[in-house]
Amino acid sequence: MKLVVIGFGQCGGRIADEFARLGRRASSLRGIEIIIDSFAVNTDSTDLAGVQTISSDYRHRILIGAGTTHGHGVAKISEVGAEIAKEDADKVLDAVRTAKHLFEADAFLLVAGAAGGTGSGATPVMANVLKERFADKPVYALVVLPFEHEEMTEERALYNTALCLKSTYSAADAVILVENQRYVRKDFSLQSNMVKINQLIAEPFFDLLCAGEEQKPKHIGARMLDAGDIIQTLAGWTAIGYGEVKLPLITLPTDWSRNFRKKSTRTHKGLQAMDEAISELSIGCNPQDAYRALYLLAAPASEMNIELVKELGDHLRDVAPQAVIRNGDYPREKGLLDVTVILSQLSDIAKVREYYTKSAGLAKELKEREKVQASKAELAEEAGKDVPTLL
Ligand SMILES: Nc1nc2c(ncn2[C@@H]2O[C@H](COP(=O)(O)OP(=O)(O)OP(=O)(O)O)[C@@H](O)[C@H]2O)c(=O)[nH]1
Ligand SMILES: [Mg+2]
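We now turn to the structure provided with this report. As the structure is a computational prediction, the values presented were derived from the model and not from experiment.

Conventions we followed
- Residues numbered from 1 in each chain as written.
- Chains lettered and ligands numbered in written order.
- Predicted model: local features only at pLDDT ≥ 70, side-chain atom pairs only at ≥ 80, totals over all residues.
- Heavy atoms only, no water.
- Helix = DSSP H or I, 4+ residues; strand = E, 2+ residues; numbered from the N terminus.
- Buried < 20%, exposed > 50% of the residue type's maximum accessible area, 1.4 Å probe, protein only.
- Contact = heavy atoms within 4.5 Å.
- Pairing = 2+ DSSP bridges.
- Axes fitted to C-alpha atoms, helices over the stretch in contact; angles between N-to-C directions.
- Phe/Tyr/Trp six-rings, centres within 6.5 Å; stacked < 30°, edge-to-face > 60°.
- Lys NZ or Arg CZ within 6 Å of the ring centre and 35° of its normal.
- Expected span 1.5 Å × (residues − 1).
- Arc of directions from axis to C-beta.
- Core = buried A, V, L, I, M, F, W, Y, C linked by side-chain atoms within 4.5 Å.
- 1 Å grid on protein atoms, 1.4 Å probe; cavity = no way out; pocket = protein on both sides within 12 Å on 5 of 7 lines; lining within 4 Å.
- Points joined across faces, edges and corners; volume = space filled by probe spheres on them.
- Nonpolar A, V, L, I, M, F, W, Y, C, P; charged D, E, K, R; others polar.
- Parallel < 35°, antiparallel > 145°, perpendicular 65-115°, else oblique.
- Left-handed = near helix turned anticlockwise from the far one by under 90°.

### Quick word on the side chain of E18
Among the secondary structure elements, E18 is positioned in helix α1 (residues 9-30). By relative accessible area, which is 9% here, E18 ends up buried. For E18, the residues in contact, after removing those within four places along its chain, are V195, N198, Q199 and A202.

Below, the structure written as structure tokens:
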């Protein structure tokens, strides 16, 4: 699958940069193209300069709202981010149109952190605009949810997140949710290691995007998972997960049907990788709420057979009984068996509901506060009405 990736705000720009690196890796190591082009869009010029792999010209690192923010960001007000994106949408569209081989792209992937101002405001607006202009290409959004400490200390973080989720869900074809906190739970040292978190966020997409672009017969599986399968799977709220098991580097060719013990070890490893992928999903969710799903098994050809693919399918069906499941196998490097899982069209995500509930009250409170502030300001002005002015 070939993507055009556009990152909005600081978080979005950095993760889009990570996708740009996945694209380079695919072309240098595998000789295939998965990222047609990548862009970073921001109201903050310093953040744009911090991006590393995305081309450094102004068409790939796009400053929006320069007239309003003078390159200094929108200070976490997502309504301002959205307004600026509406005004400067053409600037982004013009840049995207210059992407080489744009017609070959299967979809757009927009990326943003939901808690800030620029990314959370601009992503739904641009999803809308892109859907209008490119009717034939799905628009997906990868939205990063804030850390717990941000939710507890900044009510704006909660409010922006709710605004961003609601608007992006209604504009994009699918919203892939990624919880920052999940990576910290796994390894606390990651709290301050955004680079590592961003790598962990992007990595599960590598095999998934590569599998359908392979041309060499030795890397084409019995059932190739291509862009069509992914597009058919992605809809609404979506989670992605990845699990791997290391394998011995040297394995002797085996007759699977005769060697029962070896067969069960293989199955065990496959299931272990799949269980890891499901327990490490990018957002906490109940797989029973998924109406679409896919899994991709990648391993050396000698380690896979159709039976193993089927057993993994049976396992996923037990976990996500409602889902229409697509699958593929991808013969790859020695020494590793990995499984990528997508659960999509999730009917309910507790975390999303929680953002909505908390922010509904907050929306009222913010309005109330504005009113109180306005009436206090009026009183202050009234008190000074008899003081002469110098102007
Ligand atoms: N995973 C990850 N999260 C990030 C990164 N940078 C920021 N975040 C998270 O994204 C949210 C803030 O979004 P930013 O991208 O910094 O904000 P912005 O879109 O630039 O908006 P403004 O700065 O308010 O104009 C917070 O929840 C951060 O924890 C990053 O590189 N990776
Ligand atoms: Mg910023």
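### What about the sheet that holds strand β4 (residues 107-113)?
One open sheet holds the 10 strands; their spatial order is β3-β2-β1-β4-β5-β6-β7-β10-β8-β9, and the pairing between them is mixed. On the outer flanks of this sheet lie β3 (61-63) and β9 (324-331), each paired with one strand and no other. Recorded for the sheet is a direction-independent mean angle of 20° between the axes of neighbouring strands. As paired elements, strand β8 (residues 290-299) and strand β10 (residues 336-346) share eight bridges and run antiparallel to each other. The residue bridging L297 from the neighbouring strand is V339, located in β10. Helix α8 (residues 155-171) contacts β5 (139-145), β6 (174-179) and β7 (236-246) of the sheet and is inclined by roughly 165° relative to β5.

### Describing the packing of aromatic side chains
Counted under the stated rule, the structure contains three aromatic pairs. When the ring of Y169 is compared with that of W237, the centres are 4.3 Å apart and the planes differ by 20°; the resulting orientation is stacked. Here W237 lies in strand β7 and Y169 lies in helix α8, a separation of 68 residues in the sequence. Judged by relative accessible area, which is 39%, Y169 ranks as partly exposed. In this structure, R25 packs its charged tip against the face of F206, placed 4.0 Å from the ring centre.

### Thoughts on unusual backbone geometry
Phi is positive for H70, which is not a glycine, with a value near 50°. Inspection of the secondary structure puts H70 in the loop between α3 (66-69) and α4 (78-87). The class for H70 is exposed, based on a relative accessible area of 58%. In this structure, A75 takes a positive phi of about 50° despite not being glycine. According to the relative accessible area criterion, A75 is exposed, its value standing at 65%.

### Focus: helix α14 (residues 306-319)
Side chains that are three or four residues apart share a direction in an α-helix, a result of its 3.6 residues per turn. Taking 1.5 Å per residue, 14 residues should reach 20 Å; α14 reaches 20 Å between its end C-alpha atoms and fits that length. All buried positions along α14 are accounted for by L308, V309, L312, G313 and L316. Projected down its long axis, α14 shows its buried positions confined to an angular sector of 145°, all on one face. Set apart from the buried face of α14 by more than 90 degrees, the exposed residues are K310 and D318.

### Quick notes on the nonpolar core
Membership of the largest hydrophobic core comes to 76 residues, with the highest contact counts inside it found for I6, F108, L110, V143, L177, L316 and V341. Those residues within four positions of V341 in sequence are excluded, and the remaining contacts are A239, I240, G241, M274, A277, I278, L281, L294, Y295 and L316. Formed by 47 residues, the second largest nonpolar core is a distinct cluster that contains A26, I197, A211 and I240.

### Focus: empty space enclosed by the protein
The full count for this structure, using the stated rule, is one cavity of 30 Å³ or more. Taken as a whole, the largest cavity spans an internal volume of roughly 90 Å³. Lining the largest cavity, in full, are M1, L3, L109, Y140, I176, F205, L208, L209, I230, L234 and I342. Sort the elements by how many residues they give to the lining of the largest cavity and helix α11 (residues 205-211) lands first, with three residues. Of the residues in the lining of the largest cavity, the class split is 11 nonpolar, no polar and no charged.

### Considering the packing of helix α5 (residues 89-97) against helix α6 (residues 118-133)
In helix packing, the relevant descriptors are the interaxial angle and the interaxial distance, both defined with respect to the helix axes. Running from N to C, α5 and α6 cross one another at 50°; their axes reach a closest spacing of 11 Å. One element, α5, and the other, α6, form an angle in the oblique class. In this structure, the crossing between α5 and α6 has a hand that is right-handed. On α6, the residues touching A89, D90, V92, L93 and R97 of α5 are M126, V129, L130 and R133. Tallied by class, the residues present in the contact of α5 with α6 amount to six nonpolar, no polar and three charged.

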